[in-house]
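Examination of the molecular architecture
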Amino acid sequence: MTSVKDVRVDAAATRDAPGRGRFVFSDDYSVFDWGRMPDELPAKGAVLCTMGAFNFERLEAEGVPTHYRGIVPADGDADDPVPLPEAETAPREMAIDLVRVPDLPHTPDAGYDYDAYHAGAGANYLVPLEIVFRNTVPVGSSLRSRGTPAEYGIDADAWPDEPVSLPEPVVEFSTKYEERDRYLSREEADEIAGDASIDALEALARDVNRVVTEHAEQTGFDHQDGKIECAYLDGEVVVADVAGTFDENRFSYAGQQVSKEVVRQFYKSYDPDWVAAVSDAKAEADERGIADWRTLVDADPKPLPDNVLRAVADLYAAGANAYTDEAWFDAPDIADAVDAVRDL
């Protein structure tokens, strides 16, 4: 189980062969790596499943390998998934090829044991990395603290107080299963990836970014950044999890964020004590070598106000309709939905 979807196993993966399973998307959401928040965004699960399936099918059409097998309609059979266009309503279940996800041992003295992870993985495993791609550098981006503008091809002595478009997309690697994500050098990422080629991982990220960016432009969106996860499947690196949704990627429409970033930014002013407690806990956990920083947070996040939940849910649904160019959801026009969240 993750914070936003459950994994159902129909045939377990082994060390030598992939299995079959399903993602069942919920209406839960997560911000600041907290996990499941105290309320739900109506229809969010169907939005993520629909957008994920839509993008997987575009990727497959472009020759980009994925673990996607189709969607499972509400009255359908998990052993007989169908393409998204055959669905009569927005789906909540996605059929996938399954790979192994071994335990990642951790001790305060030795840290995370990736050798043990790969020893338990066999030939089919989820690569324990997130591959991040960036087309823009927003204000507050961690990339600004890791390099100067010139290092990324930007003609400026200092980062400006506004989002900056990159002349070429940047690809970075971060940890996936550590309690707090950390960015890695290419050499560190290569060691953590195991048998999966770091060049293949980067190439997949660039292909996903290209396909999503091109489609976003055609539908009026600005695709700013995103991430993918990958599986090592029968000797090939493939795109796993989901790609190109409002949770994994940052999009904007008419200058307004259409992504989980809306909720993240709202919480900074709505519940600043909890946001500060999360930040302090992460820093303290780093200093003390504690794996689970959440044990250091005494506060719980406040539920969102009803009007905010409704506005964000409408934004997700309207965005999915606009991005897929199909009215899957009963939602306002994208322009109206965007206007409704501008002043939250």
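Our subject in this report is the structure included herewith. (Residues numbered from 1 in each chain as written. Predicted model: local features only at pLDDT ≥ 70, side-chain atom pairs only at ≥ 80, totals over all residues. Heavy atoms only, no water.)

1. Some points on the environment of F54
- Along the chain, F54 turns up in helix α1 (residues 44–61).
- A sequence separation of 87 residues divides F54 from S141, and the C-alpha atoms of the two residues are 28 Å apart.
- Not counting the four nearest positions on each side in its chain, F54 is found in contact with L84, H215, Y323 and T324. (Helix = DSSP H or I, 4+ residues; strand = E, 2+ residues; numbered from the N terminus. Contact = heavy atoms within 4.5 Å.)

2. A look at helix α5 (residues 198–218)
- A rise of 1.5 Å per residue sets the reference length of α5, with its 21 residues, at 30 Å; its end C-alpha atoms lie 31 Å apart and thus fit the reference within 8%.
- Of the positions making up α5, those classed as buried are I198, L201, E202, L204, A205, V208, N209, V211, V212, T213, H215 and A216.
- Structurally, the start of α5 carries an N-cap: the backbone nitrogen of D199 is 3.2 Å from a side-chain oxygen of S197.
- One or two steps after α5, the chain reaches G220, where phi turns positive at roughly 90°. (Expected span 1.5 Å × (residues − 1). Buried < 20%, exposed > 50% of the residue type's maximum accessible area, 1.4 Å probe, protein only. Polar contact = N/O pair within 3.5 Å; in protein donor to acceptor, adjacent residues only side chain to side chain.)

3. Some words on the nonpolar core
- Core analysis: the largest hydrophobic core is formed by 98 residues, its most contacted members being M94, L129, L201, I228, Y267 and W274.
- Sort the elements by how many residues they give to this core and helix α8 (residues 306–324) lands first, with 11 residues.
- With near-sequence residues (within four places) excluded, Y267 lies in contact with Y29, V31, F32, M37, P272, W274, V275, P301, K302, P303 and L304.
- Residues I154, W159, V164 and L166 belong to the second largest nonpolar core, which totals 8 residues. (Core = buried A, V, L, I, M, F, W, Y, C linked by side-chain atoms within 4.5 Å.)

4. With respect to the pattern of salt bridges
- Applying the stated rule across the entire model yields 29 salt bridges.
- In this structure, the salt-bridge partner of D314 is R310, at a minimum N-O distance of 3.1 Å. One end of the pair is D314 and the other is R310, both in helix α8 and 4 residues apart, which spans about a single turn.
- Classification of D314 by relative accessible area gives buried; the value is 18%.
- By relative accessible area, which is 44% here, R310 ends up partly exposed.
- Here the salt bridges share partners, and the residues they tie into one network are E130, K176, K227 and E229. (Salt bridge = Lys/Arg side-chain N within 4 Å of Asp/Glu carboxyl O.)

5. Here we look at the environment of G120
- By the element assignment, G120 lies in the loop between α2 (114–119) and β7 (125–126).
- The spacing of G120 and D103 is 17 residues in sequence and 7.8 Å in space, taken between C-alpha atoms.

6. Examining the layout of surface pockets
- In this model, the second largest pocket occupies a volume close to 220 Å³.
- Going through the elements one at a time, β5 (106–107), β6 (111–112) and α7 (272–288) are the ones with two or more residues in the lining of the second largest pocket.
- In terms of residue class, the lining of the second largest pocket is made up of 6 nonpolar, 4 polar and 7 charged. (1 Å grid on protein atoms, 1.4 Å probe; cavity = no way out; pocket = protein on both sides within 12 Å on 5 of 7 lines; lining within 4 Å. Points joined across faces, edges and corners; volume = space filled by probe spheres on them. Nonpolar A, V, L, I, M, F, W, Y, C, P; charged D, E, K, R; others polar.)

7. Quick look at the environment of A121
- Its location among the elements puts A121 in the loop between α2 and β7.
- Expressed as a C-alpha distance, the spacing of A121 and R100, which sit 21 residues apart in the sequence, is 6.0 Å.
- When neighbours within four sequence positions are excluded, A121 is seen to be in contact with R15, R100 and P102.

8. Examining the packing of helix α4 (residues 186–193) against α5
- Interaxial distance between α4 and α5 falls to 9 Å at its minimum, and their mutual angle equals 105°. The angle between the axes of α4 and α5 places the two elements in the roughly perpendicular class. Across the interface between the two elements, R186, A189, D190 and A193 from α4 touch I198, D199, L201 and E202 from α5.
- Of the residues contributing to the contact of α4 with α5, the split by class is 4 nonpolar, no polar and 4 charged. (Axes fitted to C-alpha atoms, helices over the stretch in contact; angles between N-to-C directions. Parallel < 35°, antiparallel > 145°, perpendicular 65-115°, else oblique.)

9. Quick look at the sheet that holds strand β1 (residues 5–11)
- Reading across from one edge, β1-β2-β4-β3 is the order of the 4 strands in this open sheet, with antiparallel pairing throughout. Looking at strand neighbours, the two that pair on one side only are β1 and β3 (68–72), the edges of this open sheet. The average undirected angle you get between the axes of adjacent strands in this sheet is 30°.
- Relative to strand β2 (residues 19–25), β1 runs antiparallel, the two being bridged by 6 bridges. Counted as the bridge partner of A11 is R20 from β2. (Pairing = 2+ DSSP bridges.)

10. Side note on helix α9 (residues 334–341)
- Of all the positions in α9, only I334, A337, V338 and V341 are classed as buried. Projected down its long axis, α9 carries its buried residues within an arc of 100°, all on one side.
- If you check the start of α9, you find a side-chain oxygen 2.9 Å away from the backbone N of A335, and it comes from D333. (Arc of directions from axis to C-beta.)

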